[in-house]
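Examining the three-dimensional arrangement
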Amino acid sequence: MPLRRIPCAYYRGGTSKALMFRAADLPAERADWDAVFLAAMGVPDPSARNLDGMGGGLSSLNKVCVIGTPSRADADVDYTFAQCAVKEAKVEYGGNCGNMSAAVGPFAVEEGLVAAPQDGEALVRIHNTNTGKIIVARFPVEQGALAASGDLAIDGVAGTAAPIRLEFLAPGGAKTGKLLPTGQAVDVIEGVEASCIDAANPCVFVAAEALGKMGSETSQELEADDQFLARMAAIREAGAQLMGIPGSASVPLVAMVSAGGSTADIQVRMISMGQPHRATPITGAICLAIAARIPGTLPHRLCAASEGPIRIAHPSGVTMVDAALDAAGEAEYGAVYRTARRLFEGRVVYRAG
């Protein structure tokens, strides 16, 4: 079986990592992408370690971003996100990754896909093809690249780096076309109250108390609770049916929420690809913040912040998200600050199928 090589960069974006490809370097047929991504990641792997590829055995590490010329006049680049499974030969395109969205603007500038000042602030308008939404990335550049240092620290990542502001414009209805896909702020799913919200990425929110949990459990504690994971999977699948988006392992996200306590406004534990997330997916955090602005939802009941930025506690710390509804009650924007870094550049080597 021959080895193949393809130009690639490896980036950290927020609390995730991904292989970054230029669309022009991938096969012309979109149907041929999956084989490249799976081989490069070392997926599938029954041992869930992905040692024979660039994957990391976690959903937050098994990601791919493809960046190319824009298909819309209001964008500078098109960006397609692919989520690779860990054990199964599966690639999902159902939603976006907010963490890796932070790396798209810097990649586009550093690859010469978008013009930016040699020194100053870059602004890149990103069309996420998974959701059809525009994300505006603003970040400092030095010598034509993302500034190598800065003073922003994010929970889950050691040290500090240059801040990247991501503005998710009009994020409502990213997958279903509706902010409230079921038409209700609260539904009953699998015997418990749940709020189904579609903003940045669709999410199903349930109260930790209704699941017999405190809401402050660690990822490791939740991973060890097979009964909890099975129940969350059932809630996610039933919620997907209600929202009209069945058939995907990556969307909607499912999360349990609880009061934030003294250090945050609300607390969340999210499940992604069947695994408890070590932090919180940024699109999930934006969806949660917007949900907290919608009267009657479970997040609205539990969130201590009625206006201004919302502090969201998660297993790795606290994420600050700003969100607002317009006069018609639709999602106006969700904004968050992240960091990113190019980790390597060159060619990824994989076995051809």
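Just above sits the structure.
So, here is what we can say about the structure in this document. (Residues numbered from 1 in each chain as written. Predicted model: local features only at pLDDT ≥ 70, side-chain atom pairs only at ≥ 80, totals over all residues. Heavy atoms only, no water.)

**Side note on the overall build of the protein chain**
To keep it simple, the criterion reads: Starting at the N terminus, helices and strands are each numbered in turn, a helix being any DSSP run of H or I of at least four residues and a strand any DSSP run of E of at least two. To get the radius of gyration, use the C-alpha atoms; to get the globule rule, take the number of residues to the power 0.38 and multiply by 2.2 Å. Here the term buried applies to any residue with accessible area under 20% of the maximum for its type, exposed to any over 50%, and partly exposed to those in between, with areas from a 1.4 Å probe on protein chains only. In what follows, residue pairs with any heavy atoms lying within 4.5 Å of each other are defined as contacts. Surface exposure here means Shrake-Rupley accessible area, sampled with a 1.4 Å probe, where a residue is shielded only by the protein chains that are shown.
A tally of regular secondary structure across the protein chain gives six helices and 19 strands. By the compact-globule yardstick of 20 Å for 353 residues, the protein chain fits well, its C-alpha radius of gyration being 19 Å. Overall, the protein chain is about 50 × 45 × 35 Å in size when its C-alpha atoms are taken along their principal axes. Classification of the 353 residues of the protein chain by burial places 55% in the buried group. Considering only contacts in the protein chain between residues 6 or more positions apart, those separated by 24 or more positions represent 63%. Accessible surface for the protein chain amounts to roughly 14,100 Å². Of this, 49% is attributable to carbon and sulfur atoms.

**Some remarks on the pattern of salt bridges**
Let me state the cut-off plainly: Any Lys or Arg side-chain nitrogen found within 4 Å of a carboxyl oxygen on Asp or Glu counts as a salt bridge.
For the structure on display, the rule yields 14 salt bridges. Where Arg342 meets Glu111, a salt bridge forms, and the shortest distance between an N and an O atom there is 2.8 Å. Of the two residues, Arg342 sits in strand β19 (residues 340-351) while Glu111 sits in the loop between α2 (98-110) and β6 (119-128), which places them 231 residues apart along the sequence. Taking relative accessible area as the criterion, Glu111 reaches 25% and is therefore assigned partly exposed.

**Describing the nonpolar core**
Short version of the rule: Residues enter a nonpolar core if they are buried and are Ala, Val, Leu, Ile, Met, Phe, Trp, Tyr or Cys, with the set joined through side-chain atoms within 4.5 Å.
Counting 62 residues, the largest nonpolar core has Met20, Met100, Phe139 and Phe205 as its most contacted members. The element best represented in this core is helix α5 (residues 282-291), accounting for eight residues. Core analysis: the next-biggest nonpolar cluster, separate from the first, contains 20 residues, Leu26, Trp33, Ala40 and Val348 among them.

**A look at the pairing of strand β17 (residues 317-325)**
Looking down a regular strand, the side chains alternate between one sheet face and the other. Convention followed: Two strands qualify as a pair provided that DSSP identifies no fewer than 2 bridges between them.
With five bridges connecting them, strand β16 (residues 310-314) and β17 associate as antiparallel partners. Within β17, the residue paired with Ala313 across the bridge is Val318. In this structure, the hairpin formed by β16 and β17 is closed by a connection of two residues. In the sheet, β17 pairs with strand β18 (residues 331-338) via five bridges, with the strands oriented antiparallel. Directly across from Ala323, in β18, lies its bridge partner Gly334. Here β17 hands over to β18 after five residues, with Gly329 in that stretch at a positive phi of 85°.

**Points about the pairing of strand β4 (residues 77-84)**
With eight of eight residues buried, β4 lies mostly within the body of the structure. Examined bridge by bridge, strand β3 (residues 63-68) and β4 share six bridges and lie antiparallel to one another. If you follow Gly68 over to β4, its bridge partner there is Asp78. The sheet contact formed by β4 and β6 spans three bridges and is parallel. Paired with Val77 across the bridge in β6 is Ile126. Hairpin remark: β4 followed by strand β5 (residues 91-92), antiparallel, with six residues in the connecting loop.

**Concerning the packing of aromatic side chains**
The condition is simple: Only centres within 6.5 Å qualify two rings of Phe, Tyr or Trp (six-membered ring in Trp) as a pair; their planes then separate them into stacked at under 30 degrees, edge-to-face at over 60, and tilted for everything else. The rule for a charge over a ring is simple: NZ of Lys or CZ of Arg within 6 Å of the ring centre, and within 35 degrees of the ring normal.
In this structure the tally under the stated criterion is four aromatic pairs. Taking 5.7 Å as the distance between ring centres and 20° as the angle between the ring planes, the aromatic pair formed by Phe21 and Phe37 counts as stacked. Taken together, the positions of Phe21 in strand β2 (residues 16-22) and Phe37 in helix α1 (residues 33-41) put the pair 16 residues apart, joining distant regions of the chain. Each member of the pair Phe21 and Phe37 is classed as buried. Plain terms: the ring middles of Trp33 and Phe37 are 6.0 Å apart, the flat faces sit at 55° to each other, and that makes the pair tilted. Of this pair, Trp33 and Phe37 both sit in helix α1, four residues apart, which is roughly one turn of that helix. Classification of Phe37 as buried rests on a relative accessible area of 0%. Taken together, Phe21, Trp33 and Phe37 form an aromatic cluster joined through their ring pairs. Over the ring of Tyr93 we find Arg30, and its NZ or CZ is 4.8 Å from the ring centre.

**A short note on α2**
With twelve of 13 residues buried, α2 lies mostly within the body of the structure. Regarding α2, the residues found buried are Gly98, Asn99, Met100, Ser101, Ala102, Ala103, Val104, Gly105, Pro106, Phe107, Ala108 and Val109.

**Section: unusual backbone geometry**
Cis geometry marks the peptide bond from Val43 to Pro44, where omega comes out at 10°. Within the fold, Pro44 resides in the loop between α1 and β3. Omega for the bond connecting Val251 with Pro252 falls within 30 degrees of zero, at 0°, which places this linkage in the cis form. Examined against the element boundaries, Pro252 turns out to sit in the loop between α4 (226-243) and β13 (253-259). Backbone geometry places Ala48, a non-glycine residue, at a positive phi of 65°. Relative to the helices and strands, Ala48 is located in the loop between α1 and β3.

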